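Here are the chains, one letter per residue:
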Amino acid sequence: MSSLEKRLAAEKRFKFYGMFAMTLSLFFVLILMYKIFSTGSGAFVRTTINADVYFDPNFIEVSSNSSKKEIMKASYVDLADQVINQNHPGLDEENFIKVREMYTRKFDYQLRDYIANNPNVIGKTVNLDISASSDLDQIVKGNYPRNVPEAQRKINDYQLSILDSLDSKGKMSKTFNFWFFTNGDSRDPETAGILGALMGSFYALLICFSFAFPIGLLASVYLEEFVKPGKITDIIEVNINNLAAVPSIVYGLLGLGMLIGVFGMPYQVPLVGGLVLGFMTLPTIIIASRASLRGVPPSIREGALAVGATKMQTVFHHVIPLSLPGTLTGTIIGMAQALGETAPLLLIGMVAFVMEIPGGAFDPATGLPSQIYLWSESAERGFLEKTSAGIMLLLSFLIIMNTVAVLIRRKLEVKW
Amino acid sequence: MVDQNSNYALQTSEVYVHYGKKMAINNVALNFPKNEVTSLIGPSGCGKSTFLRCLNRMNDVIDICNVKGKFLLNGNVDIYSPDIQVETLREKVGMVFQKPNPFPKTIYENVAYGPKIHGIASSQNELDEIVKDSLHRAGLYEEVKDRMDDIATGLSGGQQQRLCIARAIAIRPEIILMDEPCSALDPIATAKIEDLINELKENYTIIIVTHSMSQASRVSSKTAFFHLGNLVEYGETGKIFTKPDKEQTNDYITGRFG
C-alpha cells in the first residue's frame, strides 16, 4: 500500500472512531432522558374524582360575609367528610375510612381554597373535581399493579371496586397538575410542589450573583489591569485556579464553620446557601473575567491613554465594557453550576422538609437539587415521579441559562 | 544642551532608553520645530518608535522600560518632571497609532471622548461643534456626517485612521505623534492621510515615524535617521535624501540595507 493510501485509511479510521464515540455518548444521553421523561411526565398529571359538593352551612364554621382571613383559618374537615358521605351514601365506619383514603388528605384545604375564592358558594351545590390520593393516582396511572394479592397493594379490594364503579360512571378524570408548580413541599405526593425549592434556589442564586459578580469582576480587573505581575500575583493566580477545582462540599463546610459557626448566621436559609455558592462561583468568574479582559486588544487601552484618559478611565470606559460579555458568560455558566450543586446545601441545612414557600433570603428553604434529593429518599411511589419531574425542571433551567450564556457571547461580543 | 529657543515645539537631549538591560536609545538629541513635519526613519528595531513613544510618555505603561533624558515642551515644560500629570501632557501631545484603533463605539463618541474627559466642552452644542470641526479637519466629515451614530469599527481602514486623527485633534493638542500611520493602509488611503498631514501642519507640529522613505520625502521638512538606537543624521529632508553627510544614511536611502 502506498503511503498516501495509508494516510487516507488512517483518516477514515479516525473519522469512524469519532462517530462511534459520538453515537455512544448520544445513546447514553438518550437513555437518561428517556428514563427521566418516562418517569417524570406523570407528575404533571393528577387524577381527580368528580363529586357534587354541597357547601352545607351546617358544616361550615364561617359564612359568606366572613373575611378571607377567617375563611382561611376555619376547619373544613367535617365538610369534607360530609361530601364523601353525600357522594358515597350508606357507608359504615370502616368503609368510610377506606373511601376517605381514596381522596387526598388535603381535601379540606381544597374546599377551603374554593370557598375563599368564591365565598357566595356557601349553601349551594357545586360540581367539583377532587384530587385523588397519591396511591389511587398511582393505580390509575398503572404504576402500581392491580393483579397482586391484596396484602401487597396500597389500595385494597374494596377501594378498587369503588374506583371501578366511579370509573364506569365517568367520574374519574385527569387534570394538569398545577400544584406541582404552585405548592411547597408536602408529606403527600399529590399535593407536593416544587415552588418552595424553586424560590429557595432563586434567592440563593440572587445572593450568589450579587455577592460573587461584583467581587469577581473587581478582583479580576485589579489583577489584570492594575497590579504589577510578580511573585505574589503568581501565587494568587495558582490559588484561584486551585480554588476553582475544590470540591463543592468543602465550600459547604466553610459555610457551616464560618458563616453559621462563627458569624452566627441562621441555618437552612438561602442567604447562607447563596454566599456558599458565591464562594464556589467566585474563582470561575475571576478566571472567565480575566481571560476576557486579556482579550481586549492593547490598542484600545493605548488609544484611550493617548487622548489623556487616566488608567481608571481607560479601564472603566473601555476595557470593562468590552470584556463584559465574556465575564457575563462565565458568570452565568458558573451560576448554572451553582444551581445544580447539592453538597453545599446539604451541609448548611437547606435539605429539610419545608412546606412554606420562602418569601425572602432569610426564610428557611430548600433548593432545587436538595428537593430532588429529598424526594428521591421518600419511599412512596408518588415521589418518584416528583423526583424525575424535579430533575426535568432543573435541567430546563440549566439549558436556559447556558443558552443565554451562548446568546450573550454571540450577540454582544465585539469582533475585531 | 537644550537652548531656550521657542521656535521649537519640543526639544530633547541626552535621551537614553533601556528595556530592562537592553539599550534601545543611546544618547539622542533632537529638536522639533513648530508647525513643521519631522519624520523619523530607519530600519526596524532602530528605536524610532520607542523614541516617539517617549514624547508623550506612552512608554510609562511598559514596566521594564526606563527612560532618561531631557524633554522640554515649548522650551520650558519638562515632560518627565514629577509635577507634570501625564494626562495633561497627552492633552498637549496627541498620538495616532500604526494600526487604526477606534473605540468600538459610535463615530461621534470616538471623537467626543477626549473633549468629554478633559471637560473641554461646556455644553452639548459646543461638544457637537468640536466633533464636527475635528472630523472636518481630518477630512472625514463629508463621508460620515449622515452616520455619526454608526459603530466606528464598521468604517474602512483609511477612514478609521482618519477618525483616529480626528480623535487626536479633538482635544486640541500642540503636537501630533504618528507611528507609521499608513502602514496598514492601501495607497489611496495613504495618499489621503498624507494630504491631511500637509494641511494639519498649519496648526500642529507633527512627528511621524515611517518606513516609507518616499512618504518621508513627500510629507516632512525635517528628517532624522535612526540606526541601532543612535541618531545617525538629522537635517532638511531634501538634503538627507539627496546628499546625506553620513555614508550609513546614504546606504539606507539607496536601499543597500534595512
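The residue count restarts for each chain, going from 1 along the sequence in the order it is written. Chains and ligands are labelled sequentially in the order written, the chains with letters from A and the ligands with numbers from 1. At least 70 in pLDDT is required for a residue's local features to be given in this predicted model, at least 80 for side-chain atom pairs to be given and counted, and no such filter applies to totals for whole chains, interfaces and linings, which use all residues.

**Brief notes about the overall build of chain B**
Helix and strand assignments come from DSSP, with helices taken as H or I runs of at least 4 residues and strands as E runs of at least 2, each series counted from the N terminus. Looking only at helices and strands, chain B has 10 helices and 10 strands in total. Radius of gyration here uses only the C-alpha atoms, and the compact-globule reference equals 2.2 Å multiplied by the residue count raised to the power 0.38. Scaling as 2.2 N^0.38, a compact globule of 258 residues should have a C-alpha radius of gyration of about 18 Å, and chain B matches this with 18 Å. C-alpha extents for chain B along the principal axes are approximately 55 × 45 × 35 Å.

**Some details on the environment of Pro33(B)**
Residues and elements named next belong to chain B. Along the chain, Pro33 turns up in strand β2 (residues 22-33). Here the alpha-carbon distance between Pro33 and Ser81, two residues 48 residues apart in the chain, equals 22 Å. This entry defines residue contacts through backbone-placed C-beta atoms, with two residues in contact when those atoms are within 7 Å. Once residues within four sequence positions are removed from consideration, Pro33 is found in contact with Asn7, Tyr8 and Lys222.

**With respect to the pairing of strand β4 (residues 65-73) of chain B**
All names here are of chain B. Note: strand β1 (residues 8-19) against β4, eight bridges, orientation antiparallel. Counterpart to Tyr16 in the pairing with β4 is Lys68. Two elements, β4 and strand β5 (residues 77-78), share two bridges in a ladder whose sense is antiparallel. Bridge pairing in β5 places Leu72 opposite Asp78. Two strands pair if DSSP finds at least two bridges between them. Hairpin connection from β4 to β5: three residues lie between these consecutive antiparallel strands, with Asn74 at a positive phi of about 55°.

**A closer look at unusual backbone geometry**
What is expected of a backbone is that most residues other than glycine have negative phi and most peptide bonds are trans. Residue and element names in this part refer to chain B. A positive phi is found at Arg172, a non-glycine position, where the angle reads about 55°. On the secondary structure map, Arg172 appears in the loop between α6 (157-169) and β7 (175-179). Although it is not a glycine, Leu228 adopts a positive phi angle of roughly 50°. Examined against the element boundaries, Leu228 turns out to sit in the loop between β9 (222-227) and β10 (230-236).

**Here we look at the interface of chain B and chain A**
Counting residues at the interface gives 21 residues for chain B and 15 residues for chain A. Secondary structure elements with two or more residues in the side of chain B that touches chain A: α2 (86-92), β6 (93-96), α3 (107-118) and α6 of chain B. The dominant element in the side of chain B that touches chain A, judged by the number of residues it contributes, is α3(B), at four residues. Its residues assigned to classes, the side of chain B that touches chain A comprises 10 nonpolar, five polar and six charged. Gly falls in the polar group here, along with every residue not listed as nonpolar (Ala, Val, Leu, Ile, Met, Phe, Trp, Tyr, Cys, Pro) or charged (Asp, Glu, Lys, Arg).

**What about the sheet that holds strand β2 (residues 125-131) of chain A?**
Residue and element names in this part refer to chain A. In spatial order, the strands read β2-β1-β3; together these three strands make up an open sheet with antiparallel pairing. Two strands bound the open sheet, and with one partner strand each, they are β2 and β3 (172-176). Across the sheet, the mean angle from the axis of one strand to that of its neighbour is 45°, orientation sign disregarded. Looking at chain direction, strand β1 (residues 45-54) and β2 are connected through seven bridges and run antiparallel. By the bridge assignment for β2, Val53 is matched with Val126. Note on method: axes are straight lines fitted to C-alpha atoms, helices fitted across the in-contact stretch only, with angles between N-to-C directions ranging 0 to 180 degrees.

**What about the sheet that holds β4(B)?**
Spatial ordering of the open sheet is given by β2-β1-β4-β5 (chain B), a layout of four strands whose pairing is antiparallel. Unpaired on one side and paired on the other, β2 and β5 of chain B mark the two borders of the sheet.

**What about the domain arrangement of chain A?**
All the domain ranges listed were derived from an automatic or database domain assignment. Examined at the domain level, chain A breaks down into domain 1 (45-176) and domain 2 (195-412). The C-alpha centroid of domain 2 of chain A is placed 45 Å from the C-alpha centroid of domain 1 of chain A.

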